[in-house]
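Spelled out, the chains give:
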Amino acid sequence: MARILLTGGAGYIGSHTYVALSEAGYAVTILDNFANSDRDVLDRLARLTGTEVDVVEGSVLDRALLDRLLSERAFDGAVHFAARKAVGESVARPLDYFETNIGGLVTLTQAMRDAGVFRLVFSSTATVYGEPEVFPLTEEMPLSHTSPYAFTKITCERILEQAALADPWAVGVLRYFNPVGAHPSGLIGEDPRGVPDNLMPYIAKVALGELPVLRVFGDDYDTPDGTAWRDYIHVMDLARAHVQSLDALMEGRSHVVNIGTGNPVSVLQMHAAYQDAVGRELPYEIAPRRAGDVPKLYADPSRARDVLGFSAEYGLAEMCTSSWTWVQAQKRGWGFNS
Ligand code: UD1
């Protein structure tokens, strides 16, 4: 059984990937400092997989800890989620983003190199395409950054390219489009702290009655209903992409792939789909465009299909119903104890 180090495994995408990897037969050790996640997710993961979670609390910046961990357990590879991801915060505190995202990757890969472990799945983002004008987005398109966060992800991709010139790395770079939804059990999901920035968690809070109205940022974009297009992908599909990425790395096949559905969805379409999931109308109002937003972002998902055999299975309805199940469970507090 191959053993995988999962950094950031208690987070939103990390926790779903933990379940997918476990179900696929990988033995997984989580490394997480719980900076943006809660410890109680570990009980939920144990419940979902029927096995106690092997977890180490600590930071990817802690080289001594990584060395100890890599010498104690015989890892076959790592999936590296642990990073900062708030675009606005990265503008205010760029150095913190460089430290965690770039420093974290360098520290982790140095420790892996010294332990002779050369398989890594890296979380990248569609934000690396900057402000594209040609769609759908293929992996060959030029990269550019519009925030320090995007800069860190582009830099990390380049660091991995250079590292692979010196050592026998097998690297899977996954460029996520917009991950949404939750595990259908309602036991794990996205739990943003404070008022959410992202569309689906925001709509969810409107549906729960915790926020009064969805503000739709801009209705004058060049799309059929005037609201911005994104490529939302169910987190269950995204989690499975990591399994397929690791499977490819086990065969020595490095790759850089978009992980999206290829189907653009507007803000108003997402709002309507969430209304269908909830079964009632949800208030919204048109507001000015949000600074820094691009009009459209959606993937050409064909390389992931060709290289990994990956294609998204879930549609918008499942994304919304699973989110709704999760946020209601959170609110009722029955998630873990029911
Ligand atoms: C943002 C991040 C991206 C990250 C992704 C995580 C930026 C520039 N990009 O992408 O790096 O990977 O989140 O999912 O911040 N919207 C509303 N009302 C709201 C919230 C959002 O109309 O209350 C609209 C936005 O204007 C946008 C769309 O919904 O058109 C999606 O927004 P969001 O969920 O924040 O994702 P992105 O901005 O695409």
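Residues numbered from 1 in each chain as written. Predicted model: local features only at pLDDT ≥ 70, side-chain atom pairs only at ≥ 80, totals over all residues. Heavy atoms only, no water.

**Points about helix α2 (residues 40-49)**
Here comes step 1: Within the span of α2, buried status applies to Val41, Leu42, Arg44 and Leu45. Projected onto a plane normal to the axis of α2, the buried residues spread over an arc of 160 degrees and lie on a single side.
Here comes step 2: Where α2 is buried, its residues meet α1 (12-23), β2 (27-32), β3 (54-57) and α11 (316-332). (Buried < 20%, exposed > 50% of the residue type's maximum accessible area, 1.4 Å probe, protein only. Helix = DSSP H or I, 4+ residues; strand = E, 2+ residues; numbered from the N terminus. Arc of directions from axis to C-beta. Contact = heavy atoms within 4.5 Å.)

**Some details on the side chain of Asn101**
Here comes step 1: Mapped onto the secondary structure, Asn101 falls in helix α5 (residues 94-115).
Here comes step 2: Under the relative-accessibility criterion, Asn101 is labelled buried at 3%.
Here comes step 3: Separated by 3.1 Å, the side chains of Asn101 and Thr152 make a polar contact.
Here comes step 4: Contact partners of Asn101, with chain neighbours within four places excluded, come to Ala83, Arg84, Tyr149, Thr152, Lys153 and Cys156. (Polar contact = N/O pair within 3.5 Å; in protein donor to acceptor, adjacent residues only side chain to side chain.)

**Side note on the sheet that holds strand β11 (residues 255-259)**
Here comes step 1: One open sheet holds the seven strands; their spatial order is β3-β2-β1-β4-β5-β6-β11, and the pairing between them is parallel. The sheet is open, and its two edges are formed by β3 and β11, each paired on a single side. The average undirected angle you get between the axes of adjacent strands in this sheet is 20 degrees.
Here comes step 2: Relative to β11, strand β6 (residues 170-176) runs parallel, the two sharing five bridges. Across the sheet, the residue bridging to Arg175 is Asn258, located in β11. (Pairing = 2+ DSSP bridges. Axes fitted to C-alpha atoms, helices over the stretch in contact; angles between N-to-C directions.)

**Some words on the packing of aromatic side chains**
Here comes step 1: Per the counting criterion, the structure on display carries six aromatic pairs.
Here comes step 2: Pairing Phe118 with Trp169 gives two aromatic rings, centres 5.0 Å apart and planes at 90 degrees, and the pair type is edge-to-face. Here Trp169 lies in the loop between α6 (148-166) and β6 and Phe118 lies in the loop between α5 and β5 (119-125), a separation of 51 residues in the sequence.
Here comes step 3: Taken together through their ring pairs, the aromatic side chains of Phe135, Trp229 and Tyr298 make up a single cluster. (Phe/Tyr/Trp six-rings, centres within 6.5 Å; stacked < 30°, edge-to-face > 60°.)

**Structural notes on the pairing of strand β8 (residues 214-217)**
Here comes step 1: The two faces of β8 differ: Leu214 and Val216 on one face are buried, but Arg215 and Phe217 on the other face are not.
Here comes step 2: Pairing of β8 with strand β13 (residues 284-287) involves four bridges; the strand directions are parallel. Its bridge partner being in β13, Val216 is matched across the sheet by Ile286.

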